[in-house]
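So the chains spell out like this:
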Amino acid sequence: YPKQGQSEKKQADDRYECHRWAVKQTEYDPSQPPKNMTLQELSSKRENYQKAMKACLEGRGYSVR
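What you are looking at is a predicted structure, and each value in this text was computed from that prediction instead of being measured.

Visitor: Would you mind showing me how to read the overall build of the chain here?
Guide: The number of helices and strands found in the chain is two helices and zero strands. Projected onto its principal axes, the C-alpha coordinates of the chain cover approximately 40 × 20 × 15 Å. Buried residues in the chain amount to 26% of all 65 residues. Across the chain, every contact between residues at least 6 apart in sequence was considered, and the portion connecting residues at least 24 apart equals 64%.

Okay, structure coming up:
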């Protein structure tokens, strides 16, 4: 949720940039999950990705739940 009145365009740009950053940080892209991992490994990667996204978005002035 925007806390600083970010426009719809700014929100979309920030989400995309944070997604790319989170993928780089975690080596996990939820839109293209690897098929050679166990469910536990995927779950761990997904959790790390979500933490990275949250950190990035909060750093850009959003409230993340």
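From this point, the discussion proceeds with the structure in view.
Visitor: Sorry if this is basic, but what is going on with the packing of aromatic side chains here?
Guide: A ring pair, where both rings are aromatic, is described by two values, the distance of the centres and the angle of the planes. On inspection of all chains with the given rule, the structure shows one aromatic pair. For the ring pair Tyr28 and Tyr49, a centre distance of 6.2 Å and an interplane angle of 70° mean the geometry is edge-to-face. Pair noted here: Tyr28 is in the loop between helix H1 (8–26) and helix H2 (39–59) and Tyr49 is in helix H2, with a separation of 21 residues, a long-range link.

Visitor: Sorry if this is basic, but what is going on with H2 here?
Guide: Structurally, the α-helix is built with 3.6 residues per turn, so residues lying three or four positions apart point the same way. For H2, with 21 residues, the first-to-last C-alpha span of 30 Å sits near the 30 Å given by 1.5 Å per residue. Of all the positions in H2, only Leu42, Tyr49, Ala52, Met53, Cys56 and Leu57 are classed as buried. All buried residues of H2 project into a common sector of 125° when viewed along the axis, lining one side. The outward face of H2, more than 90 degrees from its buried face, is lined by the exposed residues Gln40, Lys51 and Gly59. Those residues of H2 that are buried are in contact with H1. With its phi angle positive at about 95°, Gly61 sits one or two positions after the end of H2.

Visitor: Looking at this structure, how should I read the pattern of salt bridges?
Guide: Between side chains of opposite charge, a pair can form when the charged atoms approach closely. One pass over the structure, following the stated rule, counts six salt bridges. Of the charged contacts in the structure, one is a salt bridge between Lys10 and Asp14, with a shortest N-O distance of 3.1 Å. Residue Lys10 and its partner Asp14 are located together in helix H1, separated by four residues, close to a single helical turn. Taking the relative accessible area as the measure of exposure, Lys10 reaches 40% and is therefore partly exposed. What makes Asp14 buried here is its relative accessible area of 1%. Here Arg60 makes a salt bridge to Asp14, at a shortest N to O gap of 2.9 Å. Note that Arg60 is positioned in the segment after H2 and Asp14 in helix H1, a separation of 46 residues in sequence. Look at the salt bridges and you will find they share partners, linking Lys10, Asp14, Glu17 and Arg60 into a network.

Rules of the game
Residues numbered from 1 in each chain as written. Predicted model: local features only at pLDDT ≥ 70, side-chain atom pairs only at ≥ 80, totals over all residues. Heavy atoms only, no water. Helix = DSSP H or I, 4+ residues; strand = E, 2+ residues; numbered from the N terminus. Buried < 20%, exposed > 50% of the residue type's maximum accessible area, 1.4 Å probe, protein only. Contact = heavy atoms within 4.5 Å. Phe/Tyr/Trp six-rings, centres within 6.5 Å; stacked < 30°, edge-to-face > 60°. Expected span 1.5 Å × (residues − 1). Arc of directions from axis to C-beta. Salt bridge = Lys/Arg side-chain N within 4 Å of Asp/Glu carboxyl O.

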